[in-house]
Amino acid sequence: MASFKTPALKNPSLSLSSKPRLPSAFSVSFRDNLRFSRSSSRPQRRFLIITASAASISSKPTVLVAEKLGEAGLTLLKEFANVDCSYSLSPEELCTKISLCDALIVRSGTKVSREVFESAGGRLKVVGRAGVGIDNVDLAAATEHGCLVVNAPTSNTVAAAEHGVALLSAMARNVAQADASMKAGKWQRNKYVGVSLVGKTLAVLGFGKVGSEVARRAKGLGMHVIAHDPYASADRARAIGVELVSFEEAISTADFISLHMPLTAATNKMLNDETFAKMRKGVRIVNVARGGVIDEDALVRALDAGIVAQAALDVFTEEPPKQDSKLVQHERVTVTPHLGASTIEAQEGVAIEIAEAVVGALKGELAATAVNAPMVPAEVLIELKPYVELAEKLGRLAVQLVAGVSGVKNVKVSYASSRAPDDLDTRLLRAMITKGLIEPISSVYVNLVNADYTAKQRGLRITEERIVIDGSPECPLESIQVQIANVESKFAGAISESGEIKVEGQVKDGIPHLTKVGSFQVDVSLEGSIILCRQVDQPGIIGKVGSILGQENVNVSFMSVGRIAPRKQAVMAIGVDDQPSKGSLQRIGEVPAIEEFVFLKL
């Protein structure tokens, strides 16, 4: 067992190196440490008071809506926040206005660049993208600045899929060209002979929500559907009746190609001169995804060469495209002005979905539609909610027990569960432990978005292990244990037999509980403040401490004692609703059997 000497404390100086200050919801105040000693023969007693006070905020947050949003969404926002609807802002105007805003809602027309996040000065907490694609938001910059990005991925799925199928059918039967011809006073039945869809092969590139809905509808039209998506589930594809193939096979065998991938570095100009050359002559292309996935100049060349028979486009590299665009003016191209999500139902649905996501994020709720934070299904969020609180409080408790100037570098988290590893996603829990570890000793505000990034920047290495136990898989976790290695402790009782600061907790009746400190078993609710005392186990200690707190009208919510053996070393954990006065804490320190204690406000 590692030996540990309880030293006299100096002012704490924990060193997790920090970046420029971001606004924090907590401020940390380290009070002067006191030592109590009536005789040189007694161990010195000490305590540390750590407080965290809520940062001052305005009564209502401010949400900037930079592009038109459905009235139902605006109504929801106005019930919770001050809403500023300012459309068609220039990049400079957006950067100027953003420092006064807590949230920003955009569609696809507003570029949320790194400059926007830097101009926000840390106030911007959430960006809501009213739609699916988030390529107009700098996710790396958002994450670095601790800003959550949420989207509305479900409400316009059907609308976009329907528009894709509408363009597919209209292109195959020359609907737009025949309509323009008739309105010009012509009757050209022979010129606009189309092609049938039934029996033809449709390649869906990007088999996500919209792509799979297009595939369902194309199957209903009698088409043979294949798909390419490196992240698609083979089981889901089979359930729809779709065959997953390679990219090369998809583009070389398809009669029709429908694009449904996001615009990324990997998909930028994915369809170009080289890929067009590999396609079956006479192929027809539909794009309701992002304009940049097609090299538009290369598409014009492919159309002129007869490789591509027709194209139907709802999106363009530059929106709106130039009036003299060769692609837009091409006779065999059908175009619409980014109408994929433009149905009455979809617009209202997206407005409500993004408003709910933004309001929830501003309230601090876990967002199932977050795109730069751990993605966890809604049902899992509900199940993990009490463990999320436990994880953060264990991290906050553990780091407040650290002494010295070396700083926290190595943390081990152990999860005890009866579930298989694949059935327990711990990313969310790890993020909250990181938040608890860093916030009490740093001026940086840590959230689900920037937790991993912030830990990496500070050289904080968090390892995780899973301990399989017997039990009911209905309960996701039996316990969470946090160990901090290679540090000294302000409280000797928190040091385990192997020499690390160790705290462990469980959720009981939905409430987080501290169940182990060092090698001592305790049981105290992690609510309000906690007093940890290391003492010689003897009768009357609980009564003496309780009496001191009662005289000051400090209510004790929980009290638990863990001991090695009767009359030997013990640790007492006391949960209190209020903060005792400095005098009361001093009196606790003067109880003869108490060797050390620490007061923590979580």
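For every chain, the first residue of the written sequence is number 1, and numbering continues from 1 along that sequence. Per-residue local features of the predicted model are confined to residues with pLDDT of at least 70, and side-chain atom pairs are confined, for both listing and counting, to 80 or more; whole-chain, interface and lining totals are unaffected and use all residues. As a rule here, side-chain values cover all heavy atoms of the structure and leave hydrogens and water aside.

- As recorded in an unreviewed UniProt entry, the chain goes by D-3-phosphoglycerate dehydrogenase and comes from Gossypium arboreum.
- Of the comments in the UniProt record for the chain, the one headed Catalytic activity (unreviewed entry) reads "(2R)-3-phosphoglycerate + NAD(+) = 3-phosphooxypyruvate + NADH + H(+)".
- Under the UniProt heading Pathway (unreviewed entry), the entry covering the chain gives this text: "Amino-acid biosynthesis; L-serine biosynthesis; L-serine from 3-phospho-D-glycerate: step 1/3." UniProt positions are given in the numbering used here, feature names are shortened, and annotations may be inferred rather than shown by experiment.

## Considering the overall build of the chain
Then, in step 1: Strands are runs of DSSP state E lasting at least 2 residues, helices are runs of H or I lasting at least 4, and numbering of each runs from the N terminus. From N to C terminus, the chain includes 18 helices and 28 strands.
Then, in step 2: Considering the chain as a whole, with its 602 residues, one finds that 51% of them fall into the buried category. Burial classification: accessible surface area is computed with a 1.4 Å probe over protein chains only, and a residue below 20% of its type maximum counts as buried, one above 50% as exposed, and the rest as partly exposed.

## A few points about helix α1 (residues 71-80)
The periodicity of an α-helix, 3.6 residues per turn, causes residues three or four positions apart to be oriented the same way.
Then, in step 1: Those residues of α1 that sit buried are G73, L74 and L77. In an axial view of α1, the angular spread of the buried residues amounts to 95 degrees, which keeps them on one side of the axis. For α1, the exposed residues set more than 90 degrees away from the buried face come down to E71 and E79.
Then, in step 2: Looking at the buried residues of α1, the elements they touch are β5 (62-65), β6 (82-85), β7 (103-106) and α13 (344-362). The arc in question is the one spanned by the directions pointing from the helix axis to the C-beta atoms. In this analysis, two residues are considered to be in contact whenever any of their non-hydrogen atoms come within 4.5 Å of each other.

## Structural notes on α13
Then, in step 1: One less than the number of residues in a helix, times 1.5 Å, gives the span that helix is expected to have. With 19 residues, α13 extends 27 Å between its outermost C-alpha atoms, agreeing within 8% with the 27 Å of an ideal straight helix rising 1.5 Å per residue.
Then, in step 2: Regarding α13, the residues found buried are A346, V350, A351, E353, I354, A355, A357, V358, V359, G360 and A361.
Then, in step 3: Those residues of α13 that are buried lie in contact with α1, β7, β8 (126-129), β9 (148-151) and α5 (157-172).
Then, in step 4: Looking one or two residues beyond α13, the residue adopting positive phi is G364, at roughly 90 degrees.

## Thoughts on the sheet that holds strand β20 (residues 479-485)
Then, in step 1: Strands pair, by our definition, only if DSSP identifies at least two bridges between them. If you trace the six strands from one edge of the open sheet to the other, you get β19-β18-β20-β22-β23-β24, paired in mixed fashion. Of all strands in the sheet, those with a lone pairing partner are β19 (461-468) and β24 (520-525), marking the two edges. Going across the sheet, the axis of each strand differs from the next one's by a mean of 20 degrees, ignoring polarity.
Then, in step 2: Relative to strand β22 (residues 501-508), β20 is paired through five bridges, and the arrangement is antiparallel. Its bridge partner lying in β22, Q481 is registered against E504.
Then, in step 3: Packed on one face of the sheet, helix α15 (residues 427-438) meets β18 (410-417), β19 and β20 and runs near 140 degrees to β18. Axes here mean lines fitted to C-alpha atoms, for a helix over just the part in contact, with angles spanning 0 to 180 degrees between N-to-C directions.

## Considering the pattern of salt bridges
Then, in step 1: Note on definitions: salt bridges are taken to be side-chain nitrogens of Lys or Arg within 4 Å of carboxyl oxygens of Asp or Glu. Under the criterion given, the structure shown has 23 salt bridges.
Then, in step 2: Across the salt bridge formed by R114 and E144, the nearest N and O atoms sit 3.1 Å from each other. Of the two residues, R114 is situated in helix α3 (residues 114-119) and E144 in helix α4 (residues 139-144); the sequence distance between them amounts to 30 residues.
Then, in step 3: By relative accessible area, E144 is classed as partly exposed at 25%.
Then, in step 4: The network of salt bridges with shared partners includes E392, R396, K435 and E439.

## Structural notes on the sheet that holds β9
Then, in step 1: Taken in spatial order, the five strands make up an open sheet running β6-β5-β7-β8-β9, and their pairing is parallel. The open sheet has two edge strands with one neighbour each: β6 and β9. Going across the sheet, the axis of each strand differs from the next one's by a mean of 20 degrees, ignoring polarity.
Then, in step 2: One ladder, built from four bridges, connects β5 with β6; its direction is parallel. Looking across to β6, one finds that V65 is bridged to C85.
Then, in step 3: Contacting β5, β6 and β7, α1 runs over the sheet at an angle of about 140 degrees to β6.
Then, in step 4: Relative to the sheet, α13 contacts β5, β7, β8 and β9, its axis offset from that of β8 by approximately 170 degrees.

## Examining the environment of Q506
Then, in step 1: Within the fold, Q506 resides in strand β22.
Then, in step 2: For Q506, a relative accessible area of 18% corresponds to the buried category.
Then, in step 3: For Q506 and A391, which are 115 residues apart along the polypeptide, the C-alpha to C-alpha distance reads 9.5 Å.
Then, in step 4: Counting of polar contacts relies on pairs of N or O atoms within 3.5 Å, with two restrictions inside protein: one atom must be capable of donating a hydrogen and the other of accepting it, and residues adjacent in sequence are counted only when both atoms are side-chain atoms. Only 3.0 Å separates the side chain of Q506 from the side chain of E478, close enough to count as a polar contact.

## A few points about unusual backbone geometry
Then, in step 1: The amide bond that connects E319 to the next residue, P320, takes the cis arrangement and shows omega of -5 degrees.
Then, in step 2: The topology assignment puts P320 in the loop between β15 (308-313) and α12 (326-329).
Then, in step 3: In the Ramachandran plot, N174 falls in the positive-phi region, its phi being about 55 degrees despite a non-glycine side chain.
Then, in step 4: Its place among the elements puts N174 in the loop between α5 and α6 (175-183).
Then, in step 5: The class for N174 is buried, based on a relative accessible area of 10%.
Then, in step 6: Non-glycine residue N553 carries a positive phi angle of around 65 degrees.
Then, in step 7: Structurally, N553 is set in the loop between α17 (541-551) and β26 (556-563).

## Looking at the pairing of β22
Then, in step 1: Taking burial as the measure, the eight residues of β22 include seven buried ones, the bulk of the element.
Then, in step 2: Where β22 lies against strand β23 (residues 511-517), six bridges are found, and the strand directions are antiparallel. Bridge pairing in β23 places Q506 opposite H513.
Then, in step 3: With antiparallel pairing between neighbouring strands as the criterion, β22 and β23 make up a hairpin whose turn holds two residues, including D509 at a positive phi of roughly 55 degrees.

## Observations concerning the side chain of E595
Then, in step 1: As for its placement among the helices and strands, E595 is situated in strand β28 (residues 594-601).
Then, in step 2: A relative accessible area of 15% places E595 in the buried class.
Then, in step 3: In terms of polar contacts, E595 uses its side chain to reach the side chain of Q569, at 3.2 Å.

## As for the packing of α17 against helix α18 (residues 582-589)
Then, in step 1: Close contact between α17 and α18 brings their axes to 10 Å; oriented N to C, the two are set at 165 degrees. When the interaxial angle is binned, α17 and α18 end up roughly antiparallel. For the pair α17 and α18, the sense of crossing is right-handed. Mapping the contact onto sequence places V545, I548, L549 and Q551 in α17 and S584, R587 and I588 in α18.
Then, in step 2: Residues were grouped as follows: Ala, Val, Leu, Ile, Met, Phe, Trp, Tyr, Cys and Pro as nonpolar; Asp, Glu, Lys and Arg as charged; and all remaining residues, including Gly, as polar. Per-class residue counts for the contact of α17 with α18 are four nonpolar, two polar and one charged. Each angle receives one of four descriptions, namely roughly parallel if under 35 degrees, roughly antiparallel if over 145, roughly perpendicular if within 65 to 115, and oblique otherwise. Crossings are assigned a handedness: left-handed for a near helix turned anticlockwise from the far helix by less than a right angle, right-handed for a clockwise turn.

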